Amino acid sequence: MPILETKNLTYYYQDGESRRYILNDVDVSFEKGKFYTIWGQSGSGKTTFLAMISALDEPQEGQILFNGSDIKQLGYESYRRNRIGIIFQSYNLIPYLSAVENVLVAMSITENPLPDREKEVAYNLLDYIGISRSKADRSVTKLSGGEQQRVAVARALSTNVEIILADEPTGNLDEAMEQEIVDIFKKLAHEHDKCVIVVTHSKEIAEQSDVILHLHKGALRSYE
Amino acid sequence: MSFLKRAWLSITRRTGKSLLLLLIILILGNAIAGAISIQQASRNVERKIKADMGAAATIRIDFEEYEKLAQQYQDNPEDMPRPENPTPELFQTIGSSPYVKYYDYSTGTSVGSSSLEKFVPQYIKEQMEQQAGWMESDWEKYYKFTLRGVQYYKLLPIEEGRLSLSGGRVFTEDEISKGEAVAIISKSLAEANHINIDDTVVMTNYVMDFQNVDTNTGMPAVANEFDYAVKVIGLIEEVKAPTPQGNQKPNDGDKWNQAYMEQQFANTVYVPNGFAAKINKDATQANMEANPEQYEGVDPKDINRVWYFDPVYIIDDPDNLERFKEESAPLLPDMYIVATTADNYKNISAPVEQTTKMANYILIVAVVASVLIITLVVLLFLRDRKHELGVYLSLGEKKGKVVGQIIAEVLIIALLGITLSVFTGNLVASGLSSSMIQAQMEKEAQNNPWGPTINMGSGDVNDFLSSKLTMQDVVGAYQIRLTPTYILVFFLVSLGTIALSTLVPMFYIVRLNPRKILM
């Protein structure tokens, strides 16, 4: 059973009498343990699609189902809090907090059961992602772009969710760092049974995923 | 990490912005604290001075209105409508108000006596001796004593602690209702004439014949005289207020005033109203016979009517004076008003009142400016933190908690700023108000070099409603202090202002769209 699926997902901009479709009747499903990329040219609607499945925006028509339940019924806020982790292109960390505190913020917001001694868990998670304890206590503004994105990944993982969504997560990183982040995503999907969905315009990244979903003219075509 | 901890970390780690907000709140807080300090101080001074003045009221002609009416009829004064005099029944109706502790009204006259010598204070005697040839006027012999009618058997001045009973007793209700010939006199008059309680003295009412005037002395002949045997039942003396311990010695004028007042009091004889009324009626009848031309065209009803005046109402609480005034005013005849001790306060409180008025304006402007400035500053700070707020929302944080974090941040800084302002604002108010009051005092002195006139009438009215307090007393009582009320009012106003200032930022947060911010 897919963990996440869309049914007749439609999103358009109303321009007077006419409609400009960004997503048109999109049906797609995602499973745990797989690394998906949504690939397409700029303006193809990739980010809009990600915004829909991360409940940051609402489709005009269609449904998004998490484990078979409509996320609208679950509540968008609750869905974001307890079901998904989101990673953004520009990291979007809280600038006056340290790396570990950024992770702790997400852990304090979720209602998912988490192990006791949250701070220790956060340190371990950061260490696993490649942020040492000494760096974990630094203000995030003193970390490099790659390190900041690792913190963002750790934050997304910290709430013990099954779905990781990322919007151009390597857009601000150099090639070496890009590959390291992609490797983390692969590891999360294959070793930790997460469903990782990454929006990218990079063919190189797309080619490393288990499933490429090519978005073109509002329609998604799947390549495995 | 709860939203409150996030708020605390935001404050402590974004020190520049926190300090900037603190500084703004401190400056505005000082203006608000200063204004509230001044308001509180003037309220306290008003309460204190009004309490010192006591709570008494009377009914009197509205002199300003009467003056206007007189001007309207200056060409034909005989056509001017005469104000209808209030009756004893009206005095009693007004006296039944729940705010009235007790009340009195009076009729009276002046009398002479062949058996009693007038009391003359030592200072006046010495002055008379020094100024050889200074003779007492002939009139003095016929009108040595003031008979003051009393309706309240316990005597208002005794009940209010201005006079004390040094011997005998006060009137009984029966003596008052029957108008018996009993009197309460001053201890000094009694001592000067060796009078004891239960002694009988003779008071004489002289009726003068104004048709028959001595060309040398200018004195009319005595047409008739009525002797009244009056039993002395009580002795009274003034309760002296403690005099301020100052270095200034009283000057001759002060000594004269003091001696004159002493003489006035000592020669006042308190009798039941009914008895004073009888003397008046007898005198009127005899006077009509002796001087019929004075009564030509006068309504006989008016001739025989006894006029009661000087109603004095002692009110239970100075705060009830206004209520008493509002309740009684509709009962009064045209051209009459209720005057209270609080009216005196208005006469002497101008410098403080002006300062309070300024403080009220400052308070309104400061609150409005604070709401606008703090709203704008918080909004600007929030625009800077748009991404942070978007992240909380993308993580699924409830909007209420995001709003809560921002309100907590503003409140923590505001509480610090407000607490500091409590003290600094008090200092600001102290400096500001003393210079404002000084300026107002100078202005008042220029406008009214003789100072406010606070003489409300005669008899009890004068005793209870006139005030010896001056503008200096009001200013002297004006003190900027850190009182619990000031602190409470200031915190309420300031926190209310801060709460208003966070309203717009709250809507800003609620309307945030994380997708637009983060993607």
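Residues numbered from 1 in each chain as written. Chains lettered and ligands numbered in written order. Predicted model: local features only at pLDDT ≥ 70, side-chain atom pairs only at ≥ 80, totals over all residues.

**With respect to the sheet that holds strand E3 (residues 35-39) of chain A**
Two pairing modes exist for strands in a sheet, parallel and antiparallel, and in both the strands are linked by backbone hydrogen bonds.
Residues and elements named next belong to chain A.
Right, so step 1: Spatial strand order, E6-E7-E8-E3-E9-E10: six strands in an open sheet with mixed pairing. Every other strand in the sheet has two partners, leaving strand E6 (84-87) and strand E10 (219-223) as the edge strands with one partner each. Averaged over all pairs of adjacent strands, the angle between their axes in this sheet comes to 20 degrees, without regard to strand direction.
Right, so step 2: By the bridge criterion, five bridges tie strand E9 (residues 211-216) to E10 in an arrangement that is antiparallel. Paired with histidine 216 across the strands is alanine 219, a residue of E10.
Right, so step 3: Its contacts with the sheet place helix H7 (residues 145-158) against E6 and strand E7 (163-167), and it is angled at close to 170 degrees to E6. (Pairing = 2+ DSSP bridges. Helix = DSSP H or I, 4+ residues; strand = E, 2+ residues; numbered from the N terminus. Axes fitted to C-alpha atoms, helices over the stretch in contact; angles between N-to-C directions. Contact = placed C-beta atoms within 7 Å.)

**A look at helix H8 (residues 175-192) of chain A**
Residues and elements named next belong to chain A.
Right, so step 1: Between its first and last C-alpha atoms H8 spans 25 Å; for 18 residues at 1.5 Å apiece the expected length is 26 Å, and the two agree.
Right, so step 2: Taken as a whole, H8 has its buried residues at Glu178, Ile181, Val182, Ile184, Phe185, Leu188 and Ala189. For H8, the arc enclosing every buried residue in end-on projection is 150 degrees, short of the 170-degree limit, so these residues lie on one face. Among the exposed residues of H8, those pointing more than 90 degrees away from its buried face are Glu175, Ala176, Asp183 and Glu191. (Expected span 1.5 Å × (residues − 1). Buried ≥ 20, exposed ≤ 12 C-beta atoms within 10 Å, placed from the backbone. Arc of directions from axis to C-beta.)

**Quick word on the packing of helix H4 (residues 99-109) of chain A against helix H5 (residues 118-129) of chain A**
Residues and elements named next belong to chain A.
Right, so step 1: Look at H4 against H5: their axes get within 9 Å of each other, and the N-to-C directions meet at 120 degrees. When the interaxial angle is binned, H4 and H5 end up oblique. The hand of the H4/H5 crossing is right-handed. Between H4 and H5, the residues in contact are Ala99, Val100, Val103, Leu104 and Met107 and Glu118, Lys119, Ala122, Tyr123, Leu125 and Leu126, respectively.
Right, so step 2: Classifying every residue of the contact of H4 with H5 gives nine nonpolar, no polar and two charged. (Parallel < 35°, antiparallel > 145°, perpendicular 65-115°, else oblique. Left-handed = near helix turned anticlockwise from the far one by under 90°. Nonpolar A, V, L, I, M, F, W, Y, C, P; charged D, E, K, R; others polar.)

**Topic: the nonpolar core**
Right, so step 1: Ranked by internal contacts, the top residues of the largest apolar core, which has 183 residues, are Val103, Leu126, Val151 and Val196 of chain A together with Ala183 and Val271 of chain B.
Right, so step 2: Per-element accounting of this core gives the leading share, 14 residues, to helix H2 (residues 15-53) of chain B.
Right, so step 3: Two domains each put at least three residues into this core: domain 1 (3-50 + 350-518) and domain 2 (108-306) of chain B.
Right, so step 4: Ignoring any residue separated from it by four or fewer positions in sequence, one finds valine 196 of chain A in contact with Phe35, Tyr36, Ile164, Phe185, Leu188 and Ala189 of chain A. (Core = buried A, V, L, I, M, F, W, Y, C linked by C-beta atoms within 7 Å. Domains from an automatic or database assignment.)

**Description of the interface of chain A and chain B**
Right, so step 1: Tallying the contact residues gives 22 residues for chain A and 19 residues for chain B.
Right, so step 2: With six residues, H4 of chain A is the single largest residue contributor to the side of chain A that touches chain B.
Right, so step 3: In terms of residue class, the side of chain A that touches chain B is made up of 11 nonpolar, five polar and six charged.

**Let's talk about the environment of lysine 7 of chain A**
Residue and element names in this part refer to chain A.
Right, so step 1: Relative to the elements of secondary structure, lysine 7 occurs in strand E1 (residues 4-15).
Right, so step 2: Put simply, lysine 7 and glutamine 63 are 56 residues apart on the chain and 5.1 Å apart in space, counted from C-alpha to C-alpha.
Right, so step 3: If we ignore the near neighbours within four places in the chain, the residues touching lysine 7 are Asp27, Gly62, Gln63 and Leu65.

**Quick word on the packing of H4 of chain A against H7 of chain A**
Residue and element names in this part refer to chain A.
Right, so step 1: Their axes nearest at 8 Å, the elements H4 and H7 cross at an angle of 25 degrees. Between H4 and H7, the angle falls in the class roughly parallel. Both H4 and H7 take part in a crossing whose hand is right-handed. Along the contact surface, H4 presents Ala99, Asn102, Val103, Ala106 and Met107, while H7 presents Val151, Ala154, Arg155 and Ser158.
Right, so step 2: The residue makeup of the contact of H4 with H7, split by class, is six nonpolar, two polar and one charged.

**Some words on the confidence of the model for chain B**
All names here are of chain B.
Right, so step 1: Looking at chain B as a whole, its pLDDT mean stands at 84, while 90% of the residues score no less than 70.
Right, so step 2: Within the model, the stretch residues 452-456 combines pLDDT values under 50 with 14 contacts to residues more than four positions away or in other chains.
Right, so step 3: What the predictor reports for the complex is a pTM of 0.65 with an ipTM of 0.91. (pLDDT = per-residue confidence, 0-100.)

**As for the sheet that holds strand E1 (residues 56-61) of chain B**
Residue and element names in this part refer to chain B.
Right, so step 1: Read from one edge to the other, the open sheet built from four strands follows the order E2-E10-E1-E11, with strand pairing classed as antiparallel. Two strands close off the open sheet at either side, each with one partner strand: strand E2 (100-106) and strand E11 (336-340). Across the sheet, the axes of successive neighbouring strands diverge by a mean angle of 20 degrees, strand direction being ignored.
Right, so step 2: Relative to strand E10 (residues 309-315), E1 runs antiparallel, the two sharing two bridges. From the neighbouring strand, alanine 57 faces E10, where its bridge partner is tyrosine 313.
Right, so step 3: Docked against the sheet, helix H4 (residues 88-95) engages E2 and E10, running at close to 165 degrees with respect to E2.

**Here we look at the pairing of E11 of chain B**
For a regular strand, side-chain orientation follows a simple rule: the groups alternate between the two sheet faces.
Residues and elements named next belong to chain B.
Right, so step 1: Most of E11 is tucked away: four of the five residues are buried.
Right, so step 2: Relative to E11, E1 runs antiparallel, the two being bridged by five bridges. Within the sheet, the bridge partner assigned to threonine 58 lies in E11 and is alanine 339.

**Quick word on the environment of aspartate 319 of chain B**
Residue and element names in this part refer to chain B.
Right, so step 1: Position of aspartate 319 among the secondary structure elements: in the loop between E10 and helix H13 (321-328).
Right, so step 2: A residue is classified by how many C-beta atoms lie within 10 Å of it, and aspartate 319, with 14 of them, is partly exposed.
Right, so step 3: Remark: the alpha-carbon pair of aspartate 319 and alanine 342, spanning 23 residues in sequence, is separated by 9.5 Å.

**Structural notes on unusual backbone geometry**
Residues and elements named next belong to chain A.
Right, so step 1: Located in the positive-phi region is glutamate 168, a residue other than glycine, with phi close to 40 degrees.
Right, so step 2: Inspection of the secondary structure assignment puts glutamate 168 in the loop between E7 and H8.
Right, so step 3: Looking at glutamate 168, the number of C-beta atoms within 10 Å reads 20, which means it is buried.

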